[in-house]
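Summary of the model geometry
Given next are the chains, with one letter for each unit.
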Amino acid sequence: MKTAHKIFPSGLCENDAKPPFGKDVLFYNGKYYSLSNQRIPYMRDKTADERYFILTLFAIAFELQKQPHHSGEVENIQLCIGLPPAHYGTQYEKFEHYFLNRDIIDFCLNGTPYSIFISKALCFPQAFAAIAPIHRQICAYPKVTVLDIGGFTADYMLVKNGEADLSVCDSLENGVILLYNRIKSKVNADFDLLLDESDINAVLQGNSGDYDDKIVSVINEQAQLFVDDLLSKLRERMIDLRSGKIVFAGGGSILLKKQITTSEKVSSPIFINEITANAKGYELIFRASKY
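The following refers to the structure shown. (Residues numbered from 1 in each chain as written. Predicted model: local features only at pLDDT ≥ 70, side-chain atom pairs only at ≥ 80, totals over all residues. Heavy atoms only, no water.)

**Quick look at the overall build of the protein chain**
Operational definition: Secondary structure counts use DSSP, requiring at least four H or I residues in a row for a helix and at least two E residues in a row for a strand, with both numbered from the N terminus. As a reference, a globule follows 2.2 Å times the number of residues to the power 0.38, and the radius of gyration itself is taken over C-alpha atoms. Two residues qualify as a contact provided that any one of their heavy atoms is within 4.5 Å of a heavy atom in the partner residue. Positive charges are assigned to Lys and Arg, negative charges to Asp and Glu, while His and the chain termini are left out of the count. A single reference atom marks each charge: NZ on Lys, CZ on Arg, CG on Asp, CD on Glu.
Helices and strands together make up the secondary structure of the protein chain, namely nine helices and 11 strands. Computed over the C-alpha atoms, the radius of gyration of the protein chain is 20 Å, within 12% of the 19 Å expected from 2.2 N^0.38 for a compact globule of 291 residues. Over its C-alpha atoms, taken along the principal directions, the protein chain stretches across nearly 55 × 50 × 30 Å. The contacts in the protein chain between residues at least 6 apart in sequence include a share of 63% that link residues at least 24 apart. For the protein chain, the distance from the average site of its 31 positive side-chain charges to the average site of its 35 negative ones is 5 Å.

**Side note on the pairing of strand E5 (residues 105–109)**
For clarity, the cut-off: Classification of residues uses two cut-offs on accessible area relative to the type maximum, computed with a 1.4 Å probe and protein chains only: under 20% is buried, over 50% is exposed, and between them is partly exposed. Any two strands with at least two DSSP bridges between them are considered paired.
The side-chain alternation of E5 yields one buried face, formed by Ile105, Phe107 and Leu109, and one unburied face, formed by Asp106 and Cys108. Across two bridges, the pairing between strand E2 (residues 25–28) and E5 is antiparallel. Along E5, the bridge assignment pairs Phe27 with Cys108. As judged from the five bridges shared by E5 and strand E6 (residues 112–125), these two strands associate in the antiparallel manner. Pairing of Ile105 across the sheet is with Ile116, part of E6. The antiparallel pairing of E5 with E6 creates a hairpin that spans two residues between the two strands, and Asn110 there sits at a positive phi of about 55°.

**Digging into the pattern of salt bridges**
We apply this condition: One speaks of a salt bridge when a side-chain nitrogen belonging to Lys or Arg is within 4 Å of a carboxyl oxygen belonging to Asp or Glu.
Counted according to the given criterion, the structure contains 14 salt bridges. Across the pair Glu50 and Arg102 runs a salt bridge, and its minimum N-O distance is 3.0 Å. Of the two residues, Glu50 sits in the loop between strand E3 (31–35) and helix H1 (51–64) while Arg102 sits in the loop between helix H2 (85–99) and E5, which places them 52 residues apart along the sequence. By relative accessible area, Glu50 is classed as partly exposed at 37%. For Arg102, a relative accessible area of 23% translates into the label partly exposed. Residue Arg237 pairs with Asp170 through a salt bridge whose shortest N-O separation is 2.3 Å.

**A closer look at the sheet that holds E6**
Hydrogen bonds between backbone groups are what pair the strands of a sheet, and the pairing can be parallel or antiparallel. Which entries qualify depends on this criterion: Between N-to-C directions, angles span 0 to 180 degrees; the directions come from axes that are lines fitted to C-alpha atoms, helices contributing only their stretch in contact.
If you walk across this open sheet you meet the six strands as E1-E3-E2-E5-E6-E4, and the pairing is mixed. Every other strand in the sheet has two partners, leaving strand E1 (12–15) and strand E4 (74–83) as the edge strands with one partner each. Looking at each pair of strands side by side, their axes are set apart by 35° on average, direction ignored. Strand contacts of helix H9 (residues 277–288): E4 and E6, with the helix running at about 110° to E4, the strand carrying the most contacts.

**Concerning the packing of helix H4 (residues 176–191) against helix H6 (residues 213–236)**
Axes are the key here: two packed helices are described by the angle between their axes and the distance separating the axes. Keep this limit in mind: Should the near helix be turned anticlockwise from the far one by less than a right angle, the crossing is termed left-handed; should it be turned clockwise, right-handed. Gly is put with the polar residues, along with every residue not named as nonpolar or charged; the nonpolar set is Ala, Val, Leu, Ile, Met, Phe, Trp, Tyr, Cys and Pro, and the charged set is Asp, Glu, Lys and Arg.
Relative orientation of the contacting elements H4 and H6 amounts to 145°, with a least axis distance of 10 Å. As H4 runs across H6, the sense of the crossing is right-handed. Here H4 contributes Val176, Leu178, Leu179, Arg182, Ile183, Lys186, Val187 and Phe191 to the contact with H6, which in turn contributes Lys214, Ile215, Val218, Ile219, Gln222, Ala223, Phe226 and Asp229. The residue makeup of the contact of H4 with H6, split by class, is 11 nonpolar, one polar and four charged.

**Thoughts on the sheet that holds strand E11 (residues 269–271)**
The strand order across the open sheet built from five strands is E9-E8-E7-E10-E11, with neighbouring strands paired in mixed fashion. Every other strand in the sheet has two partners, leaving strand E9 (163–172) and E11 as the edge strands with one partner each. The mean angle between the axes of side-by-side strands here comes to 20°, regardless of whether they run parallel or antiparallel.

**Focus on the environment of Asp155**
As a reminder of what qualifies: Two N or O atoms count as a polar contact when they lie within 3.5 Å, although within protein this holds only if one can serve as hydrogen donor and the other as acceptor, and sequence-adjacent residues are included solely when both atoms are side-chain atoms.
Among the secondary structure elements, Asp155 is positioned in strand E8 (residues 154–160). In this structure, the C-alpha to C-alpha distance between Asp155 and Lys23, residues 132 residues apart in sequence, is 32 Å. A distance of 3.1 Å separates polar atoms of two side chains, one belonging to Asp155 and the other to Thr153.

**Some points on the state of the cysteines**
The following threshold applies: When the sulfur atoms of two cysteines come within 2.5 Å, that pair is taken as a disulfide.
Taken as a whole and assessed by the stated rule, the structure comprises zero disulfides. Take Cys13: it sits in no disulfide, and the sulfur closest to it among the cysteines is that of Cys108, at 19 Å. Here Cys123 stays free of any disulfide, with the sulfur of Cys80 as its closest cysteine sulfur at 9.9 Å. On the basis of relative accessible area, Cys123 is assigned to the buried category, the value being 2%.

Set out below in C-alpha cells:
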C-alpha cells in the first residue's frame, strides 16, 4: 500500500482484543487491526471483502498525520485510488462505490480518534498516473510504452501524444513477488538456506557483502532471467521495447534497474525513480481535472 508519504505492507491481522504489542493498531467497528508482513493474496477484485477498506483507513490516517488535524472534527475526504489499466474499464465504478455511502466513519489509530466522511472516491489507471509528474516530457513523443512493475503485477500501456490508449494495455501476473518466490525456492533447494525478501533486496541493491558469492550469483542470475522473460512476454504481445520511448515505473523497476538497463531487449529506457509515483500521480490528475 502506498500513499504520497507512506508505504506499508498490504497485510492485516484482526483481533477482538487489543494486541499486547505492535506499532500501528487501528480500532474500527469493534475490532482491532494491525499491519502484517504476511500480504493479502492477490485479489483481482479488491471489493470482495472489507480488507482493502481497512487498509485504506490506515492510509487515510497516515496522511492526516501529515497535516493539521483537530480531534472531534469530521474530515472531508476526497479519495484518489487506482487500478491496473487492464482492469480499470470494468472495475473502476465498483471500486469507487466500495468506499462511498458509508456515512461518517469513526476509528482510532494508535489511540488517536478520527472521524471522516468520504465525499468522493475517484479511480485512475495505474501506470498512466505514474507518468503524471513527467507528463509534459511524455507529450513530446508520439508513442510511449509505460511498464509499471509492482508486487503482484506488471502493468503496461501505450500512451500516444500524451493520451492513454486503453486499447493497448494489460496486467501480467509477473510482479516482483514472483521473482522473490523463485529465488527463495532455488536457494533453499540448492543451498538449504532460507532467504527473506530483505535479503534479496539487499543483494539486488548492491549490498552483497554479507552474502556468499554463490548466493549473490543465483540472485542476480534469477533477476536477469525474470526481466528477460517479462520483456519477452511483451514482445509476444507485439510490444517491442527496442523502438520508441519506454518508461519504467514502480518499485520493481527501481529494484531491477540494473537488469533492465543491461538487457538487450530494451533500448533508451526512462526510469521514474519514485516508488510512490502512482499515488502522487492520482493527486496531480485530480487537481488538474474538473472534479
